[in-house]
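Residue strings, one per chain:
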Amino acid sequence: MSHPLETLEPVETGAIEAGTIEAAAARLATLLTTGGGGPADPGEPSLDIEPVIRPRPLPKGAVPSDVWAVDGGQAVVADARCLQVVVTRTSRVRFRAGVCEQQDAEPLRAYLLGGAESRAALAHLGLPLPPHTAVDANLVRDRWEWDAVERCVDEADDGALVLVDGDLWPDWRIPSDHVGALLERARQHGVLVVGVTKHSSLSRGGAPLLGQLEAEADEALGPGARWWAPVARSRPAEDSSQPDVAPEQPTSPLAVQVVAARLDPAARFSFRIDLPAGTSPESALAALAAVSDDAAFPGYPYPLAVADGLAACPHWVRQEAWLALDEHLHDAGVGLEVRERAFADRHRLMERA
């Protein structure tokens, strides 16, 4: 399968009216099957994408002696639009010598957000953020995820892997140099922090890049190959000696390299993987592949799969949190009618009518 670098022609939609499912399907079919144009990541403009992205063989390494995994979950418990109650949860998992010796599903953290309440929530996060910073569940979850990563780095053995669910860029409101300093501290301690993204926004010619690489690797290396491909590097921050001169392109204080990799021959999919700049991709990915061969999750690091399950906030968790909140409101003298008027989802009720 080839993906020629060419300009896409306008889709021949004929009589298909714009804004319809048929029009969307026609355009999507062109992007998925033609795939022309260059690679990009609309979610991170400070990346320098490799001009040629080609899969290459990846050997499997030895199982690292110490592997940590961190994940976070979130849920909106009550939504009055002007006020929200959200909960987040962070999990940490540790495998030593291939044995799971620690599983921490940390307690739910509950925050009241909206208006002046968000200011109190922002202060509780303990980050150097401006007081007008918007606060939502994503920021809260991300802040405590990185707090858990920091604790893993502090407790890890020399030579350990610390796996993070997602890329190594923090929530857009958290200064990137906050994470950059953590990655540098980890490097000094001999600990490697790795981000694994299951659903990437990387693209080529407007179509999903990972799907194209999987097809190209099947053709070039065979359908049962373990492979990797360099994709991008973060663009270094401009020289601070000229702070008044805006850079021509976005830069990043994070020094990170991005690769794609299929970590097990039995894996159905590949993933985006972020590594600190200066790390040898071959050795880091070989070690990652050694913990990605579980029969239930081939190709995905098993410690992260365990952490994901511990951190999840499914419907029953949200429901239990709501019942606890509702009971506290009742005990505080807030009548049922007041609670219903505040939190009833009028939009959903109208749709069901």
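What you see is a predicted model, and the numbers here were worked out from it, not measured in a lab. (Residues numbered from 1 in each chain as written. Predicted model: local features only at pLDDT ≥ 70, side-chain atom pairs only at ≥ 80, totals over all residues. Heavy atoms only, no water.)

Engineer: How should I be thinking about the overall build of the protein chain in this particular structure?
Structural biologist: Tallying secondary structure elements over the protein chain gives ten helices and 14 strands in all. For the protein chain, contacts bridging at least 24 residues in sequence account for 70% of all contacts bridging at least 6. Counting only carbon and sulfur atoms, one obtains 55% of the accessible surface of the protein chain, whose full area is about 18,200 Å². (Helix = DSSP H or I, 4+ residues; strand = E, 2+ residues; numbered from the N terminus. Contact = heavy atoms within 4.5 Å. Areas by Shrake-Rupley, 256 points an atom, 1.4 Å probe, with all protein chains shown as cover.)

Engineer: Explanation requested: helix 5 (residues 209-221) in the structure shown.
Structural biologist: Three or four residues apart is the spacing at which side chains of an α-helix point the same way, because the helix has 3.6 residues per turn. Look at helix 5: 17 Å from first C-alpha to last across 13 residues, which is about the 18 Å you get at 1.5 Å a residue. Along its buried surface, helix 5 packs onto strand 10 (203-204), strand 11 (207-208), strand 12 (227-234), strand 13 (256-262) and strand 14 (271-276). (Expected span 1.5 Å × (residues − 1).)

Engineer: Would you mind going over the state of the cysteines with me for this structure?
Structural biologist: As used here, a disulfide is simply a covalent bond connecting the sulfur atoms of two cysteines. Scanning the model with the defined rule gives zero disulfides in all. Sulfur of Cys-152: no disulfide; nearest cysteine sulfur belongs to Cys-100 and is 12 Å away. Judged by its relative accessible area of 0%, Cys-152 is buried. (Disulfide = S-S within 2.5 Å. Buried < 20%, exposed > 50% of the residue type's maximum accessible area, 1.4 Å probe, protein only.)

Engineer: What should I look at first to understand the packing of aromatic side chains in this one?
Structural biologist: The description of two aromatic rings rests on the distance between their centres and on the angle between their planes. In total, this model carries four aromatic pairs according to the counting rule given. Between Trp-322 and Phe-343, the aromatic rings sit 5.8 Å apart at their centres with planes inclined by 75°, giving edge-to-face as the arrangement. Here the residue Trp-322 occupies a position in helix 8 (residues 315-331), and Phe-343 occupies one in helix 9 (residues 336-343), the gap between them amounting to 21 residues. For Phe-343, a relative accessible area of 25% corresponds to the partly exposed category. Within the aromatic cluster, the residues linked to one another by ring pairs are Phe-95, Phe-297 and Tyr-302. A cation sits over an aromatic face here: Arg-143 above Trp-144, 4.6 Å from the ring centre. (Phe/Tyr/Trp six-rings, centres within 6.5 Å; stacked < 30°, edge-to-face > 60°. Lys NZ or Arg CZ within 6 Å of the ring centre and 35° of its normal.)

Engineer: Honestly, the packing of helix 3 (residues 137-155) against helix 4 (residues 176-188) in this entry has me stumped. Any pointers?
Structural biologist: Any two packed helices are characterised by the angle at which their axes cross and by the distance between the axes. Closest axis-to-axis distance for the helix 3/helix 4 pair is 10 Å, and the angle between their directions is 15°. The pairing of helix 3 with helix 4 is recorded here as roughly parallel in orientation. The two elements helix 3 and helix 4 meet at a crossing, and its hand is left-handed. Contacts between helix 3 and helix 4 involve Trp-146, Val-149, Glu-150, Val-153 and Asp-154 from the first element and Val-179, Leu-182, Arg-185 and Ala-186 from the second. A per-class count over the contact of helix 3 with helix 4 returns six nonpolar, no polar and three charged. (Axes fitted to C-alpha atoms, helices over the stretch in contact; angles between N-to-C directions. Parallel < 35°, antiparallel > 145°, perpendicular 65-115°, else oblique. Left-handed = near helix turned anticlockwise from the far one by under 90°. Nonpolar A, V, L, I, M, F, W, Y, C, P; charged D, E, K, R; others polar.)

Engineer: How should I be thinking about the sheet that holds strand 11 in this particular structure?
Structural biologist: Backbone-to-backbone hydrogen bonds join strands into a sheet, with any given pair of strands oriented parallel or antiparallel. Ordered in space as 1-10-11, the three strands form an open sheet in which the pairing is antiparallel. Looking at the sheet topology across the chains shown, the edges are occupied by strand 1 (39-40) and strand 11. Across two bridges, strand 1 lies against strand 10 in antiparallel orientation. Across the sheet, residue Pro-39 finds its bridge partner in strand 10, namely Arg-204. (Pairing = 2+ DSSP bridges.)

Engineer: Would you mind going over the pairing of strand 14 with me for this structure?
Structural biologist: Here is the key point about a regular strand: its side chains alternate between the two faces of the sheet. Judged by how many residues are buried, strand 14 sits mostly within the fold: six of six residues are covered. The two faces of strand 14 match: Phe-271, Ile-273 and Leu-275 on one face and Arg-272, Asp-274 and Pro-276 on the other face are all buried. Alignment of strand 9 (residues 192-197) against strand 14, held across three bridges, turns out to be antiparallel. Each residue of the ladder has a partner; that of Thr-197, found in strand 14, is Arg-272.

Engineer: Before we go on, may I ask you to explain the side chain of Gln-102 in this structure?
Structural biologist: By the secondary structure assignment, Gln-102 is in strand 6 (residues 99-105). If we skip the residues at most four places from it in the chain, Gln-102 touches Trp-68, Arg-92, Val-93 and Arg-94.

Engineer: Explanation requested: the pattern of salt bridges in the structure shown.
Structural biologist: A pair can form between side chains of opposite charge whenever their charged atoms are brought close. Tallying each qualifying case throughout the model produces 24 salt bridges. Across the pair Arg-94 and Asp-66 runs a salt bridge, and its minimum N-O distance is 2.9 Å. Remark: Asp-66 occurs in strand 4 (residues 66-79) and Arg-94 occurs in strand 5 (residues 84-96); sequence separation between them is 28 residues. Taking relative accessible area as the criterion, Arg-94 reaches 7% and is therefore assigned buried. One connected set of salt bridges, linked through shared partners, spans Arg-92, Asp-104, Glu-106, Asp-147, Arg-151 and Glu-155. (Salt bridge = Lys/Arg side-chain N within 4 Å of Asp/Glu carboxyl O.)

Engineer: Would you explain the nonpolar core in this entry?
Structural biologist: Nonpolar side chains tend toward joint burial in soluble globular proteins. In this structure, Val-149, Val-153, Val-162, Leu-183, Val-193, Leu-213 and Val-231 are the most contacted members of the largest nonpolar core, which totals 34 residues. Residue assignment for this core shows that the elements contributing at least two residues are strand 4, helix 3, strand 8 (161-165), helix 4, helix 5, strand 12 and strand 13. With five residues, helix 3 is the largest single contributor of residues to this core. Apart from the residues lying within four places of it in its own chain, the contact partners of Leu-183 are Leu-168, Val-193, Leu-254 and Val-256. (Core = buried A, V, L, I, M, F, W, Y, C linked by side-chain atoms within 4.5 Å.)

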